[in-house]
Amino acid sequence: MNPMTSALSKSAGSVALKVTIVVAAAVGGAGMVASNVFAALTATATNTSGGSVTTGTLKLEYAAAGSSGGFATAITAMGPGDTVNRYIDLTNTGTLDGETPTVQIASSDSNTLVNDGTKGLQLSIRACSVAWTQTGAGTCSGTETVVLASTPAATLKNAAANITLPSVLASGVNRLKLTISLPAGSENTVNGVLPVGTVQGLTAALQWSFVIQERTATNTSS
């Protein structure tokens, strides 16, 4: 055989062998892929109804009660020893129960009325199970409870105080009487000059803030 023909024959055989190997590998790989695809089974389940989630709300709303006008009615010409009552309804209008109620006041004024714990304004709150009779000192024909004992405005201006509301449950209404008092005391005004630290001729705008927290988180199966 011609040496050249022999070499060409060997080369062709080598190429054919390589092609055969490549084709076999390709076919084998395709077989593996096909095998993996057909082996990947999937099952799915879904609900056909329900599944909704609705969140609750926590709301605390104030409304003036009766004829007093609540906080909207200013107190004027107050003198030492005087007491003035204001009546409000405090309601949790949300759908979530509340807890740990507090009250605090804020005032942009800085004078004896809100800075002096002894001579300044004293604040207290009482609740009634029914609407207050708003005459004189105000009377409760139902069950009366103490929400906040007499506390200096200066104290409530510096920090919130824990209070005891009859109800912080959703839709719970608290009928409150807020009592503002100026302690009795004596001052001597000489030739029209008011004494230092006087309680006379002062104004203090009070902003009351009632706060409740969301009730303790629950973990239920219902």
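Not measured: the values here are computed from a predicted model. (Residues numbered from 1 in each chain as written. Predicted model: local features only at pLDDT ≥ 70, side-chain atom pairs only at ≥ 80, totals over all residues. Heavy atoms only, no water.)

Draft legend 1. Structural view of the overall build of the protein. Looking only at helices and strands, one finds three helices and eight strands in the protein. When the elements of the protein are put in sequence order from the N terminus, they spell out α-β-β-β-α-β-β-α-β-β-β. Within the protein, the proportion of its 222 residues that are buried is 28%. Contacts spanning at least 24 positions in sequence make up 78% of the contacts within the protein whose residues lie at least 6 apart. With an accessible surface of roughly 14000 Å², the protein has 56% of that area assigned to carbon and sulfur atoms. (Helix = DSSP H or I, 4+ residues; strand = E, 2+ residues; numbered from the N terminus. Buried < 20%, exposed > 50% of the residue type's maximum accessible area, 1.4 Å probe, protein only. Contact = heavy atoms within 4.5 Å. Areas by Shrake-Rupley, 256 points an atom, 1.4 Å probe, with all protein chains shown as cover.)

Draft legend 2. Molecular detail of the sheet that holds strand β5 (residues 144–152). Taken together, five strands build an open sheet; the order of strands is β1-β2-β7-β4-β5 and the sheet is antiparallel. This sheet does not close on itself; its edge strands, each paired only once, are β1 (60–64) and β5. The mean angle between the axes of side-by-side strands here comes to 25 degrees, regardless of whether they run parallel or antiparallel. By the bridge criterion, seven bridges tie strand β4 (residues 122–128) to strand β7 (residues 173–181) in an arrangement that is antiparallel. Counterpart to I125 in the pairing with β7 is L178. (Pairing = 2+ DSSP bridges. Axes fitted to C-alpha atoms, helices over the stretch in contact; angles between N-to-C directions.)

Draft legend 3. The pairing of strand β2 (residues 83–92), seen in detail. Of all 10 residues that make up β2, eight are buried, and the element is covered over most of its length. Of the strand pairs in this sheet, β1 and β2 are connected by five bridges, and their pairing is antiparallel. Bridge pairing in β2 links A64 to I88. Bridge analysis of β2 against β7 gives nine bridges, and the strand direction is antiparallel. The residue bridging N85 from the neighbouring strand is T179, located in β7.

Draft legend 4. Representation of the nonpolar core. Grouped together as the largest cluster of nonpolar side chains are 27 residues, with contacts concentrated most on I125, L176, W208 and F210. Secondary structure elements with two or more residues in this core: β2, β3 (98–106), α2 (112–115), β4, β5, α3 (153–158), β7 and β8 (207–214). Ignoring sequence-local partners within four residues, the contact set of W208 consists of F71, V103, Q104, I105, L123, I125, L178 and I180. Core analysis: the next-biggest nonpolar cluster, separate from the first, contains five residues, A65, Y87, W132 and C140 among them. (Core = buried A, V, L, I, M, F, W, Y, C linked by side-chain atoms within 4.5 Å.)

Draft legend 5. Here's a closer look at the side chain of N111. Take N111: it is sitting in the loop between β3 and α2. Here L113 takes part through its backbone nitrogen, which lies 3.0 Å from a polar atom of the side chain of N111. A polar contact is formed between the side chain of N111 and the backbone oxygen of T203, at a distance of 3.0 Å. With residues near it in sequence (within four places) discarded, N111 still touches D116, L202, T203 and A204. (Polar contact = N/O pair within 3.5 Å; in protein donor to acceptor, adjacent residues only side chain to side chain.)

Draft legend 6. Examining the pattern of salt bridges more closely. According to the stated counting rule, one finds two salt bridges in the structure shown. The partner of R126 in a salt bridge is E144, with the nearest N and O atoms 2.5 Å apart. With R126 in strand β4 and E144 in strand β5, this residue pair connects regions lying 18 residues apart in the sequence. Residue classification places R126 among the partly exposed positions, given a relative accessible area of 31%. Between E214 and R215 there is a salt bridge, with the nearest N and O atoms lying 3.3 Å from each other. According to the relative accessible area criterion, R215 is partly exposed, its value standing at 26%. (Salt bridge = Lys/Arg side-chain N within 4 Å of Asp/Glu carboxyl O.)

Draft legend 7. Summary view of the packing of aromatic side chains. Here the structure, examined in full by the defined rule, presents four aromatic pairs. Measuring from ring centre to ring centre gives 6.4 Å for W208 and F210, while their planes differ by 10 degrees; the resulting arrangement is stacked. (Phe/Tyr/Trp six-rings, centres within 6.5 Å; stacked < 30°, edge-to-face > 60°.)

The values reported here are purely geometric and, on their own, carry no functional implication.
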